[in-house]
Amino acid sequence: FENRNNLISARFNTSYERKTVGIQRNLIKETLKSKIDSYPISRKKYFLELCSSKIVLSPFGWGEINLKDFEVFLTGGLLFKPNMNHINTWPNFFLNKQTIVEFNWDLDNLNELINFYTKQDNERLYIANEGQKMYLQYTSGRDAGEFFANHLMKILK
């Protein structure tokens, strides 16, 4: 967690046939153009970058949740996402300032949050660690199967 020399990872596609899918991604790219590289890199370089990044941006695309969210939990960076309080998930990995950091959809607080969490190592490390811990607990932890079975039984009843 501590030895990360890359401040921000923001690798994401911005070219979509449907313009609505890329709106927020293009806005982020423009807002942070002096802070990020968003051009494509190889899969191996991508995962090395995730492992060495303090903050990883994962904007909405075709939906709110995407594969990158889980890649970030696995690699231990601090996941930055647009506000997710409009959806319910199980398990709820997306707890603002507990397992991830949420920014406003219009990005008006994105730079402020990046500046804060790049300087506040203890806060950043705590949240990133909690996100990874929760993810592993529910996906591969000793009780993961039981958590899933209990949740499924609740749904079926």
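Coordinates for the structure precede this section.
What this report covers is the structure whose coordinates are included nearby. The model shown is predicted, which means the values in this text are computed figures rather than measured ones.

About the cut-offs
Residues numbered from 1 in each chain as written. Predicted model: local features only at pLDDT ≥ 70, side-chain atom pairs only at ≥ 80, totals over all residues. Heavy atoms only, no water. Axes fitted to C-alpha atoms, helices over the stretch in contact; angles between N-to-C directions. Helix = DSSP H or I, 4+ residues; strand = E, 2+ residues; numbered from the N terminus. Parallel < 35°, antiparallel > 145°, perpendicular 65-115°, else oblique. Contact = heavy atoms within 4.5 Å. Nonpolar A, V, L, I, M, F, W, Y, C, P; charged D, E, K, R; others polar. Salt bridge = Lys/Arg side-chain N within 4 Å of Asp/Glu carboxyl O. Buried < 20%, exposed > 50% of the residue type's maximum accessible area, 1.4 Å probe, protein only. Polar contact = N/O pair within 3.5 Å; in protein donor to acceptor, adjacent residues only side chain to side chain. Pairing = 2+ DSSP bridges.

Across the interface, helix α4 (residues 110-119) lies against helix α5 (residues 121-139) with an axial gap of 5 Å and an inter-helix angle of 95°. When the axes of α4 and α5 are compared, the pair comes out roughly perpendicular. For the pair formed by α4 and α5, the contact residues are Phe116, Tyr117, Thr118 and Lys119 on the first element and Asp121, Glu123, Arg124 and Ile127 on the second. In terms of residue class, the contact of α4 with α5 is made up of 3 nonpolar, 1 polar and 4 charged.

Tallied over the entire structure, the rule returns 7 salt bridges. Across the pair Arg43 and Glu71 runs a salt bridge whose closest N-O atoms are separated by 3.2 Å. A residue pair is termed long-range when its members are at least 10 positions apart, and Arg43 in helix α2 (residues 43-52) and Glu71 in helix α3 (residues 67-75) qualify at 28 residues. With relative accessibility at 8%, the residue Glu71 sits in the buried group. The salt bridge partner of Asp121 is Arg124, with a shortest N-O separation of 2.8 Å. Placement of both Asp121 and Arg124 in helix α5 is noted, with a separation of 3 residues, approximately one turn of the helix.

Next up on the list: the side chain of Thr99. With respect to the secondary-structure elements, Thr99 resides in the loop between β3 (78-82) and β4 (101-103). Under the relative-accessibility criterion, Thr99 is labelled buried at 5%. Polar contacts involving the side chain of Thr99 include one to the main-chain carbonyl oxygen of Phe93, which spans 2.5 Å. Residue contacts for Thr99: discarding those within four places in its chain leaves Phe73, Phe93, Phe94, Ile127, Glu130, Gly131 and Met134.

Among the 5 residues of β3, 5 are classified as buried, and the element is accordingly described as predominantly covered. By the alternation rule, side chains of β3 split into Leu78, Phe80 and Pro82 and Leu79 and Lys81, which are all buried. Relative to β3, strand β2 (residues 53-57) is paired through 3 bridges, and the arrangement is parallel. Looking at β3, one finds that Val56 is bridged to Leu79.

Moving on: the sheet that holds β2. The sheet built from 4 strands is open, its strands ordered β1-β2-β3-β4 with parallel pairing. At either end of the open sheet lies a strand with only one pairing partner, and these are β1 (6-9) and β4. Neighbour-to-neighbour, the strand axes of this sheet turn through a mean angle of 20°, independent of strand direction. Inspection of the sheet shows β3 paired to β4 by 3 bridges, in the parallel sense. Within β4, the position partnered with Lys81 by the bridge is Glu102. Each of β1 and β2 is contacted by α2, which is oriented at about 115° to β2, the strand it contacts most.

So far we have only geometry, and geometry alone does not tell us how the molecule works.
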